[in-house]
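Structural features, examined
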Amino acid sequence: DGTAKVWMLDGTLEGTCQTDGHLFAVAAMPDGEHFVTGGQQKLIKLFHIDGTRVATLQGHNNYVTSLAVTAGGQHVISASLDKTVKVWSMTSNSLLSTCNVNKHLDAVAAMPDGKRILSGSIDTTIRVWLLDGTHQNTFQLHDGHVYALVAMHDNQHALSGSEDNTVKLFNVN
């Protein structure tokens, strides 16, 4: 319906945010007061939980499919069907870097160190990047599209989920 709704754990509606299109991604900011959305409009929108839009980040040329936030909340990471991962500064609401993958992306995660990010792609690979867009490593762990990534708190491991019906635990180093 073009909205994002914020619910309390007891089922009480906290706020409604106008997003103007289908949502494909949402991520919470570590302050507990803000979150980001992405989707059909090719935009990343920062909201306060009361529904107030705080900022809009523009730079993707296709749907935003996944979002992640670094541990300190200084950066938002976005993946898109435009075959890029983008790193955004939340202090200046501006684009910091772009990682080019050459395949559609559906998953991103931010490592707890705040220095590395992961991307998962339709080409079945998982890539490790630095925030400045430098490619560090590529993993071929699945036989299908990578749809989900989670960075583990130990800053060394991550989980990946794929259309091949597997979840893999792997070392990102």
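Refer to the structure presented above.
Below is a summary of the structure that appears in this document. Just so we're clear, the structure is a prediction, and the values are computed from it rather than from any experiment. (Residues numbered from 1 in each chain as written. Predicted model: local features only at pLDDT ≥ 70, side-chain atom pairs only at ≥ 80, totals over all residues. Heavy atoms only, no water.)

**Details of the overall build of the protein chain**
Definition in use: A run of DSSP states H or I qualifies as a helix once it reaches four residues; a run of E qualifies as a strand once it reaches two. Both are numbered from the N-terminal end. The cut-offs for exposure are 20% and 50% of the maximum accessible area for each residue type, with area from a 1.4 Å probe on protein chains only; residues under the lower value are buried, those over the upper are exposed, and the others partly exposed. Contacts are residue-level and defined by heavy atoms, with any inter-residue pair within 4.5 Å sufficient. Shrake-Rupley sampling with a 1.4 Å probe provides the accessible areas, and residues are treated as covered by the protein chains on show and by no other component.
Scanning the protein chain from N- to C-terminus turns up zero helices and 17 strands. Along the three orthogonal principal directions, the C-alpha set of the protein chain runs to about 40 × 35 × 30 Å. Within the protein chain, the fraction of its 173 residues that count as buried is 49%. For the protein chain, long-range pairs separated by at least 24 residues make up 32% of all intrachain contacts whose partners lie at least 6 apart in sequence. Carbon and sulfur atoms form 49% of the exposed surface of the protein chain, whose accessible area is close to 8,300 Å².

**Some points on the sheet that holds strand β17 (residues 167-171)**
How we decide: The pairing criterion for strands is at least two bridges between them, as found by DSSP. Structural elements are reduced to axes, namely lines fitted to C-alpha atoms, with helices fitted over the stretch in contact, and the angle between N-to-C directions of any two is expressed from 0 to 180 degrees.
As summarised here, the arrangement of the three strands in space is β15-β16-β17, forming an open sheet in which the pairing is antiparallel. Of all the strands in the sheet, the pair left with one neighbour each is β15 (146-151) and β17. The average undirected angle you get between the axes of adjacent strands in this sheet is 25°. Pairing of strand β16 (residues 157-162) with β17 involves five bridges; the strand directions are antiparallel. By the bridge assignment, L159 is partnered in β17 with L169.

**Thoughts on the pairing of strand β11 (residues 105-110)**
The buried fraction of β11 is high, at six of six residues. In terms of strand pairing, β11 meets strand β12 (residues 116-121) through five bridges, oriented antiparallel. Bridge pairing in β12 places A110 opposite I117. Two successive antiparallel strands, β11 and β12, enclose a turn made up of five residues, where G114 displays a positive phi of approximately 70°.

**Examining the environment of V128**
By the secondary structure assignment, V128 is in strand β13 (residues 125-130). In the structure, V128 is positioned ten residues away from T138 in sequence and 6.3 Å away in space, judged by C-alpha atoms. When sequence neighbours within four positions are dropped, the list of residues in contact with V128 reads R116, I117, L118, T134, H135, Q136, N137, F139 and V172.

**Details of the pairing of strand β3 (residues 23-28)**
Relative to strand β4 (residues 34-39), β3 runs antiparallel, the two being bridged by five bridges. Of the residues in β4, the one forming a bridge with A27 is V36. Between the antiparallel neighbours β3 and β4 lie five residues, among them G32 with a positive phi of about 75°.

**A look at the packing of aromatic side chains**
Heads up, the rule is: Aromatic rings from Phe, Tyr and Trp, taking only the six-membered ring of Trp, are treated as a pair when their centres fall within 6.5 Å; an angle between ring planes under 30 degrees marks them as stacked, one over 60 as edge-to-face, and anything in between as tilted.
Using the criterion set out here, one finds three aromatic pairs in the structure. Look at F24 and Y63: their rings are 5.3 Å apart centre to centre, the planes differ by 35°, and that puts the pair in the tilted class. Of this pair, F24 sits in strand β3 while Y63 sits in the loop between β6 (53-58) and β7 (64-69), and the two are 39 residues apart along the sequence. Since its relative accessible area comes to 30%, Y63 is described here as partly exposed. Considering the side-chain rings of F139 and F170, the 5.3 Å spacing of their centres and the 50° angle between planes classify their relative orientation as tilted. Linking F139 in strand β14 (residues 135-140) with F170 in strand β17, this pair joins segments that are 31 residues apart in sequence. Per residue, the accessibility class of F139 equals that of F170, and both read buried.

**Digging into the sheet that holds β3**
Within the open sheet, the four strands sit side by side as β3-β4-β5-β6. Their pairing is antiparallel. In this open sheet, the two edge strands, each paired with only one partner strand, are β3 and β6. For this sheet, the mean angle separating the axes of adjacent strands, direction not counted, is 20°.

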